[in-house]
Amino acid sequence: MSDLMKSIGFRAEALGWDAYQGLFRSMGLERASDYGAKLLRTLGPKVSVHHVARVNMQIAFPEASEREIDGLLDAMWDNFGRVVGEFPNMHRFDFSPGSDQVEVVGADILAELDRQGRPAVLVGGHFANWEMLAATIVQQMKDCRITYRHANNPLIDKRIIDQRKAYGVNILAPKGGHGAKELMQALKAGASVGLMNDQKMNDGIAAPFFGRDAMTAAGPARMALRYDCPLVPMNVVRKDGARFKVTIYEPLPKPDGQDAAAILETVTTINRFIEDRIREAPSQWFWVHRRFEKPLYKKAKTEGLREK
């Protein structure tokens, strides 16, 4: 594809992005959340990742009936649709103490680490509206590098970064090799880092997740062990509509040493934390990532999951 055609394509995609943003912003927060839920409950089951989510749920909950899985899938699309509607309206959320929109539990844990000038590795997952995690972190800590995945379209990428700045998230580090170096430099300098640790990473390590080995990013575990930083897990739960509860937990236990066994143990501990949060609110995790080995997602294999 020529540079000209690529540029035209980027501009067309950016126009579509702007239309989406404008439409949902015009609705206001609550209405946009409700409309997004209705829209994705209709469209979600028609896309290919619906099957991926079904397989993941069957692996996680082998005793669940098809009817129960169908109910979870519908609730997952409801939640994700709300995220779609809420993202253009993130600047409308009130993150101040005592807010009835975003309740924060355990804020003192981050505040104390910040007061001590002690860097930490913060880990979370794609639950409820995961944008709440970054927004909460920047309210409690002066300096935390939060990872993000660049949008393929640079015009949309800039819009996303600017939009996050509008609700306070202006300290970001890109994912990838350059981002990893930036995170390590931040820890050395005494800043904390925040990462999502619930998706598949092909060059990660195999660690138990819902009874199967799943390739998992080892970066957070390596950094916490190498720099002797607290490994602080976070989570967000949707209470109802566009209201949330963010919880910062006490640091996870870490083994001594930095060898392969210590890293695997730490990654396994993180996976167990994510797994526990999924069990607590299964409809609020974003199930559409291929977390396990590829053959499981072939449609002919789906029924076999019930027999294993």
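Conventions used here
- Residues numbered from 1 in each chain as written.
- Predicted model: local features only at pLDDT ≥ 70, side-chain atom pairs only at ≥ 80, totals over all residues.
- Heavy atoms only, no water.
- Phe/Tyr/Trp six-rings, centres within 6.5 Å; stacked < 30°, edge-to-face > 60°.
- Helix = DSSP H or I, 4+ residues; strand = E, 2+ residues; numbered from the N terminus.
- Buried < 20%, exposed > 50% of the residue type's maximum accessible area, 1.4 Å probe, protein only.
- Lys NZ or Arg CZ within 6 Å of the ring centre and 35° of its normal.
- Pairing = 2+ DSSP bridges.

Caption draft 1: Examining the packing of aromatic side chains more closely. If you walk through the whole model with that rule in mind, you get 18 aromatic pairs. Judged by centre distance (5.9 Å) and plane angle (50 degrees), the rings of Phe24 and Tyr35 are tilted. Taken together, the positions of Phe24 in helix 1 (residues 3-27) and Tyr35 in helix 2 (residues 29-43) put the pair 11 residues apart, joining distant regions of the chain. Taking relative accessible area as the criterion, Tyr35 reaches 37% and is therefore assigned partly exposed. Aromatic side chains Phe93 and Phe95 sit 6.2 Å apart centroid to centroid with 50 degrees between the ring planes, which places their arrangement in the tilted category. We note that Phe93, like Phe95, is buried. Taken together through their ring pairs, the aromatic side chains of Phe61, Phe127, Phe209, Phe210, Trp285, Trp287 and Phe292 make up a single cluster. The residue whose ring lies beneath Arg291 is Phe209, and the NZ or CZ to ring-centre distance is 4.8 Å.

Caption draft 2: Here's a closer look at the pairing of strand 2 (residues 121-124). The alternating pattern of strand 2 places Val121 and Val123 on one face and Leu122 and Gly124 on the opposite face, and all of these are buried. Sheet topology places strand 2 next to strand 5 (residues 192-196); 4 bridges connect them, and they run parallel. Considered in strand 5, the bridge of Gly124 is made with Met196. Here 3 bridges tie strand 2 to strand 8 (residues 231-240), and the two strands are oriented parallel to one another. The residue bridging Val123 from the neighbouring strand is Pro233, located in strand 8.

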